[in-house]
Amino acid sequence: MKYPILIIVSISLVSVFSVSAFGQSLYLNPDEDDLIKIKDSKYFASSINVLRNSNGELVSVVKTEASRYLPNPVTDQFIDTLPIMKEGIINAKNIEMRQVEVNYNYEKCITEVYQVPGYSDQCNWYHRAYVTSLGINNEKGERFEIFRGLNHSYTVKPSDSVTSFWTIIRSD
């Protein structure tokens, strides 16, 4: 009697990128980084930032449009890992839309008290975010800021969470 041979193939997809929101800052000099103005590029990127308190209650919603991007192959390499949500042709250009969600939870207590107003108590501090960035880490642990939006503001308290819903539109 012959027994059937059963072959099981296991396929696992491992992304070479992880996503983070590491670019929130009060102080920024755009002339001292690798990002360039996004206007007239092949990209349009925006983020809806949802701030919730420790009870999960909605505190604020802020929209940020990216004003700068990283002109590096890593930007397209990361975008290519995201599923295409919509695609089409506009003005004879192929357009694709992709989305990524980034979650950031603020620590209950900070480990370092800063010498600026609002940082007087390690467990009752306020963080003022003026920049929303989409940052990625590659498999080597290198960090890249690929999109940045400016000129918004919200105040974050301990145990708050921010979820950024990035929409990236790329044309050829």
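Here, the structure is the one placed above.
Residues numbered from 1 in each chain as written. Predicted model: local features only at pLDDT ≥ 70, side-chain atom pairs only at ≥ 80, totals over all residues. Heavy atoms only, no water.

**Q** Give me the packing of aromatic side chains: which residues, what numbers.
**A** Applying the stated criterion to the full structure yields three aromatic pairs. Ring centres of Tyr43 and Phe147 lie 5.6 Å apart, and the angle between their planes is 75 degrees; on these two criteria the pair is classed as edge-to-face. Of this pair, Tyr43 sits in strand S3 (residues 43-52) while Phe147 is found in strand S9 (residues 143-149), placing the two residues 104 residues apart along the sequence. Each member of the aromatic cluster is reached from another via a ring pair, and the members are Tyr43, Tyr69, Phe147 and Trp166. (Phe/Tyr/Trp six-rings, centres within 6.5 Å; stacked < 30°, edge-to-face > 60°. Helix = DSSP H or I, 4+ residues; strand = E, 2+ residues; numbered from the N terminus.)

**Q** Describe in detail helix H1 (residues 73-81), supporting the description with residues and values.
**A** Every α-helical turn comprises 3.6 residues, leaving residues that sit three or four positions apart pointing alike. Where H1 is concerned, the buried positions are Val74, Thr75, Asp76, Phe78 and Ile79. For H1, the capping residue at the N-terminal end is Asn72, with a side-chain oxygen 2.8 Å from the backbone nitrogen of Val74. (Buried < 20%, exposed > 50% of the residue type's maximum accessible area, 1.4 Å probe, protein only. Polar contact = N/O pair within 3.5 Å; in protein donor to acceptor, adjacent residues only side chain to side chain.)

**Q** Residue-level account of the environment of Val100, with values.
**A** Here Val100 shows up in strand S6 (residues 93-105). Judged by its relative accessible area of 12%, Val100 is buried. When the C-alpha positions of Val100 and Thr167 are compared, they lie 6.8 Å apart, and in sequence the two are 67 residues distant.

**Q** Summarise the pattern of salt bridges; cite the residues concerned and give the values.
**A** Under the counting rule described, the total for this entry stands at seven salt bridges. A salt bridge links Asp76 to Lys42; the nearest nitrogen and oxygen atoms lie 2.7 Å apart. A residue pair is termed long-range when its members are at least 10 positions apart, and Asp76 in helix H1 and Lys42 in the loop between strand S2 (36-37) and S3 qualify at 34 residues. Its relative accessible area of 18% is what places Asp76 among the buried residues. For the salt bridge of Arg170 with Glu96, the shortest nitrogen-to-oxygen distance reads 2.3 Å. Of the two residues, Arg170 sits in strand S11 (residues 161-171) while Glu96 sits in strand S6, which places them 74 residues apart along the sequence. Residue classification places Arg170 among the buried residues on the basis of a relative accessible area of 9%. Overall, Glu96 belongs to the buried group, its relative accessible area being 15%. One continuous salt-bridge network, built from bridges that share partners, spans Lys42, Asp76, Asp80, Glu96, Arg98 and Arg170. (Salt bridge = Lys/Arg side-chain N within 4 Å of Asp/Glu carboxyl O.)

**Q** Describe a nonpolar patch on the surface, and please don't skip the residues or the numbers.
**A** A grouping of Ile48, Leu58, Val61 and Phe165 is seen on the molecular surface, where their side chains present a nonpolar patch of about 340 Å² in accessible area. Mapped onto the secondary structure, Leu58 falls in strand S4 (residues 58-69). (Patch = residues over 30% accessible without salt bridge, like charges linked within 9 Å, V, L, I, M, F, W, Y side chains within 5 Å. Areas by Shrake-Rupley, 256 points an atom, 1.4 Å probe, with all protein chains shown as cover.)

**Q** Got a sec to walk through the nonpolar core? Specific residues and values, please.
**A** Counting 20 residues, the largest nonpolar core has Phe78, Leu134, Ile146, Phe147, Trp166 and Ile168 as its most contacted members. Those elements giving two or more residues to this core turn out to be S3, S4, H1, S6, strand S8 (132-138), S9 and S11. (Core = buried A, V, L, I, M, F, W, Y, C linked by side-chain atoms within 4.5 Å.)

**Q** Pulling in residues and values, what's your account of unusual backbone geometry?
**A** In the Ramachandran plot, Asn91 falls in the positive-phi region, its phi being about 50 degrees despite a non-glycine side chain. Along the chain, Asn91 turns up in the loop between strand S5 (84-90) and S6. You can call Asn91 exposed: its relative accessible area is 73%. At Ala92, a residue that is not glycine, the phi angle is positive and equals roughly 65 degrees. Along the chain, Ala92 falls in the loop between S5 and S6.

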